[in-house]
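For reference, the chains in residue letters:
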Amino acid sequence: MPPSKHTRWRQLKAFLFENQGVRQTVTKNTFWLSFGEIVGRILRLFIVVYAARVLGAAGWGAFSYLTSLAAILTVFSDVGLSSVVIREVTKRPKLKDKYFSTAFLFKFILTVLSFLIIVFLAPHITNIQVSQTLVYLVGFLFIFDSLRRFGASLFRAVERMELEAFVNIITQAVIVVAGFIALLMVTSPESLAAAYAIGAGAGLLVTMYILRQDIKNLFSSFDKKLLKPILSAAWPLSLAAVFGVLIVNIDTVIIGWFREAAEVGLYAAAQKPIAFLYLLPALVTGAFFPVLARLANKDNVRFRYVLEKGLGLVLLFAIPVTVGIFLTADEIVKLFYGSEYASSAAPLRILALTLLAVFPVGMIINAIFAYNRQNELVPLWAIGLLINIGLSLFLIPRWGIIGAAWAVFITQLIINTLIWRKMKKINDFSVIKEIRLILVAAFMMSIVIILSRYGLGLPFLLVVPLAIISYFGSLLWSGENVVVRIRETLRNQSAKK
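Residues numbered from 1 in each chain as written. Predicted model: local features only at pLDDT ≥ 70, side-chain atom pairs only at ≥ 80, totals over all residues. Heavy atoms only, no water.

Student: Whenever I open this one, the overall build of the protein confuses me. Can you help?
Tutor: The number of helices and strands found in the protein is 19 helices and zero strands. Counting the 497 residues in the protein, one finds 56% classified as buried. Excluding contacts between residues fewer than 6 apart, the proportion of contacts in the protein whose partners are at least 24 apart in sequence is 84%. Working note: accessible area of the protein is about 21800 Å², and carbon and sulfur atoms make up 69% of it. (Helix = DSSP H or I, 4+ residues; strand = E, 2+ residues; numbered from the N terminus. Buried < 20%, exposed > 50% of the residue type's maximum accessible area, 1.4 Å probe, protein only. Contact = heavy atoms within 4.5 Å. Areas by Shrake-Rupley, 256 points an atom, 1.4 Å probe, with all protein chains shown as cover.)

Student: What should I look at first to understand the pattern of salt bridges in this one?
Tutor: If the charged atoms of two oppositely charged side chains come close together, the side chains can form a pair. Enumeration according to the criterion identifies eight salt bridges in this entry. Across the salt bridge formed by Glu263 and Arg259, the nearest N and O atoms sit 3.2 Å from each other. Where salt bridges share partners, they join Asp145, Arg148 and Arg149 into one cluster. (Salt bridge = Lys/Arg side-chain N within 4 Å of Asp/Glu carboxyl O.)

Student: Looking at this model, I keep getting lost on the nonpolar core. Mind explaining?
Tutor: The nonpolar side chains of a soluble globular protein tend to be buried, and buried together. Core analysis: the biggest nonpolar cluster contains 119 residues, and Trp60, Phe303, Ile419 and Met423 have the highest contact counts within it. Take this core: its biggest share by element is 16 residues, from helix H12 (residues 300-337). Leave out the neighbours within four places in its chain, and Met423 touches Phe303, Leu307, Ile364, Ala367, Ile368, Tyr371 and Phe429. By size, the runner-up hydrophobic cluster in this structure holds 18 residues, among which are Val89, Tyr99, Phe100 and Leu218. (Core = buried A, V, L, I, M, F, W, Y, C linked by side-chain atoms within 4.5 Å.)

Student: Quick question: what am I supposed to make of the packing of aromatic side chains here?
Tutor: Each aromatic ring pair is described using two quantities: the centre-to-centre distance and the angle formed by the ring planes. By the definition in use, this model includes twelve aromatic pairs. A ring pair is formed by Phe63 and Tyr196, whose centres lie 5.2 Å apart and whose planes are at 65°; its orientation type is edge-to-face. Linking Phe63 in helix H2 (residues 22-76) with Tyr196 in helix H7 (residues 189-210), this pair joins segments that are 133 residues apart in sequence. A relative accessible area of 1% means that Phe63 is categorised as buried. Residue classification places Tyr196 among the buried positions, given a relative accessible area of 6%. Judged by centre distance (5.3 Å) and plane angle (40°), the ring pair of Tyr337 and Tyr341 falls under tilted. Judged by relative accessible area, which is 0%, Tyr341 ranks as buried. Linked through ring pairs, Trp60, Phe63 and Tyr196 together constitute an aromatic cluster. Against the face of Phe429 rests Lys424, its NZ or CZ located 5.3 Å from the ring centre. (Phe/Tyr/Trp six-rings, centres within 6.5 Å; stacked < 30°, edge-to-face > 60°. Lys NZ or Arg CZ within 6 Å of the ring centre and 35° of its normal.)

Student: Quick question: what am I supposed to make of the packing of helix H13 (residues 345-353) against helix H16 (residues 401-426) here?
Tutor: Packed helices, taken two at a time, are described by the angle their axes make and the gap between the axes. At their nearest, the axes of H13 and H16 sit 8 Å apart, and the two run at 5° to each other. Overall, the two elements H13 and H16 adopt an arrangement that is roughly parallel. Only Ile401, Ile402, Ala405, Trp406, Val408 and Phe409 of H16 make contact with H13, whose side of the interface consists of Ala346, Pro347, Ile350, Leu351 and Leu353. Taken together, the residues of the contact of H13 with H16 break down into eleven nonpolar, no polar and no charged. (Axes fitted to C-alpha atoms, helices over the stretch in contact; angles between N-to-C directions. Parallel < 35°, antiparallel > 145°, perpendicular 65-115°, else oblique. Nonpolar A, V, L, I, M, F, W, Y, C, P; charged D, E, K, R; others polar.)

Student: Would you take a moment to explain the environment of Gly390 for this structure?
Tutor: Among the structural elements, Gly390 can be located in helix H15 (residues 378-399). On the basis of relative accessible area, Gly390 is assigned to the partly exposed category, the value being 37%. Distance in space between the C-alpha atoms of Gly390 and Thr411 is 10.0 Å, their sequence separation being 21 residues.

Student: Please clarify how helix H10 (residues 261-278) should be interpreted in this entry.
Tutor: Helical geometry note: an α-helix holds 3.6 residues per turn, so side chains three or four residues apart project in the same direction. For H10, built from 18 residues, the straight-helix expectation of 26 Å at 1.5 Å per residue is met to within 8% by its first-to-last C-alpha distance of 24 Å. With respect to burial, H10 is a largely interior element, 13 of its 18 residues being buried. (Expected span 1.5 Å × (residues − 1).)

Student: Got a minute to help me understand the environment of Leu386 in this structure?
Tutor: Assignment of secondary structure puts Leu386 in helix H15. Classification of Leu386 as exposed rests on a relative accessible area of 65%. Expressed as a C-alpha distance, the spacing of Leu386 and Thr411, which sit 25 residues apart in the sequence, is 9.3 Å.

Student: When you look at a nonpolar patch on the surface in this model, what are you seeing that I'm missing?
Tutor: On the surface, Leu105, Phe108, Ile109, Val112, Leu113, Leu116, Phe120, Tyr136, Phe140 and Phe222 cluster together into a nonpolar patch covering about 890 Å² of accessible area. Those elements that place two or more of their residues in the nonpolar patch are helix H4 (96-121) and helix H5 (132-157). In terms of residue count, the dominant contributor to the nonpolar patch is H4 (seven residues). Here Leu113 lies in helix H4. Of the residues examined, Leu113 reaches a relative accessible area of 46% and is grouped as partly exposed. (Patch = residues over 30% accessible without salt bridge, like charges linked within 9 Å, V, L, I, M, F, W, Y side chains within 5 Å.)

Student: How should I be thinking about the packing of H5 against helix H6 (residues 161-185) in this particular structure?
Tutor: Contact geometry for H5 and H6: axes closest at 7 Å, N-to-C directions at 155°. By the criterion of interaxial angle, the relationship of H5 to H6 is roughly antiparallel. Considering how the two elements wind past one another, H5 and H6 form a crossing that is left-handed. Facing H5, whose interface residues are Arg148, Ala152, Phe155 and Arg156, H6 presents Met161, Leu163, Glu164, Val167, Asn168 and Thr171. Of the residues assigned to the contact of H5 with H6, the class counts are five nonpolar, two polar and three charged. (Left-handed = near helix turned anticlockwise from the far one by under 90°.)

Student: How should I be thinking about the confidence of the model for the protein in this particular structure?
Tutor: Close reading of the predicted structure is inappropriate where its pLDDT is low. On average, residues of the protein carry a pLDDT of 80, and 84% of them reach 70 or more. With pLDDT under 50 throughout, residues 493-497 is counted as low confidence; its partners more than four residues away or in other chains account for ten contacts. (pLDDT = per-residue confidence, 0-100.)

Student: Looking at this model, I keep getting lost on H13. Mind explaining?
Tutor: Among the residues of H13, those classed as buried are Ala345, Pro347, Leu348, Ile350, Leu351 and Ala352. In this structure, the buried residues of H13 make contact with H10, H12, helix H14 (355-370) and H16.

Structure below.
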């Protein structure tokens, strides 16, 4: 007898809101992280496109310069603290309050210092004219968003990603609504910054409400004995975060040093969709990390198996997305931003190539962290920072936004290759089996795109669904469903637990 509607609803509710085992928990958390981030980013996309159009390249460039600087400082205000909270609370749930409280002290101090840097330093290190009002608004946006993200680390630590998704969607929804209202009232970068600050503030308030019981113990649970262990574990991770954020944002800041606001706006138009895509692997790696942390140094064979399947999952999307953007960059820019931003297509193509390195390396860094070998990555990240800044300073004055895109691509290629090799020495994994069919399907998709665009002259909005159908159709036609194999990975881990 089939289950009743009430029973099916109860089962669905339990699956989406309760942790019942490795496979179900990872699936649930992956769903919620993906749902929250994708819905949130789609909502944000509306206001980004509208703002870029109504503000023009110069106004959009001024806003993008300051928010890029704030994004860099967001990492300096965290220095790996969130990752340490996630790892330690996952391993020792009874110490949750102590770790959260002690890490918050560092977080608060660093956030205040970073706010002061934004307010007093940002206007003086650029050729772009920015008002003091805009600077202060971006500063408050930084504070609210930084503290909200730190609170989300506790959601991840207890594997309740549905709470993070809920907060993220509320934050982005408020930003979009406030953004349209503000820009319709006064079309200026300051209006947009005010909307972003309001949205981030709303997200912080919701986070504080959810964590109200933990906040009550924020001061009483402080343990000075944990200060040194937290800093010792956090600082290597801070370099990873700094490297990642600098790769995404330092080029925009350096363009602001040497070029006009309009060029910053053109580059930001290319960089924003790529920066959005950079976040997608975290949806998978965040869900896989607790499993990897439990298996590291305990069952290396199962660890390697889970890692390989996780890499297969991120590459399943990275490869076709890269091919699609590279072949249709002109149409993407024209559709979203208009003809004024036509020069953004070239850097968009170059930046799209970085997805092939960025998508898998997030999973690999988490794997290294699970083995507590993050200190070995410090020299690589230091080299990466030097290469990135050096290339940007050399190429941007000569080639402008094209040089900025090449600086990002070359740096990502070098450093992520070194990180990949480092993980293979720790646990010799391989992704050859996972990507053979993906590469064939991506090749077929590229043929469909080229024939549709240049052979038949089909409109872009028709080419996109044809490309998607051809890609997944090729995977199904191959006789081996990659998605099913990855799902079975987690089922096997649950059965062996």
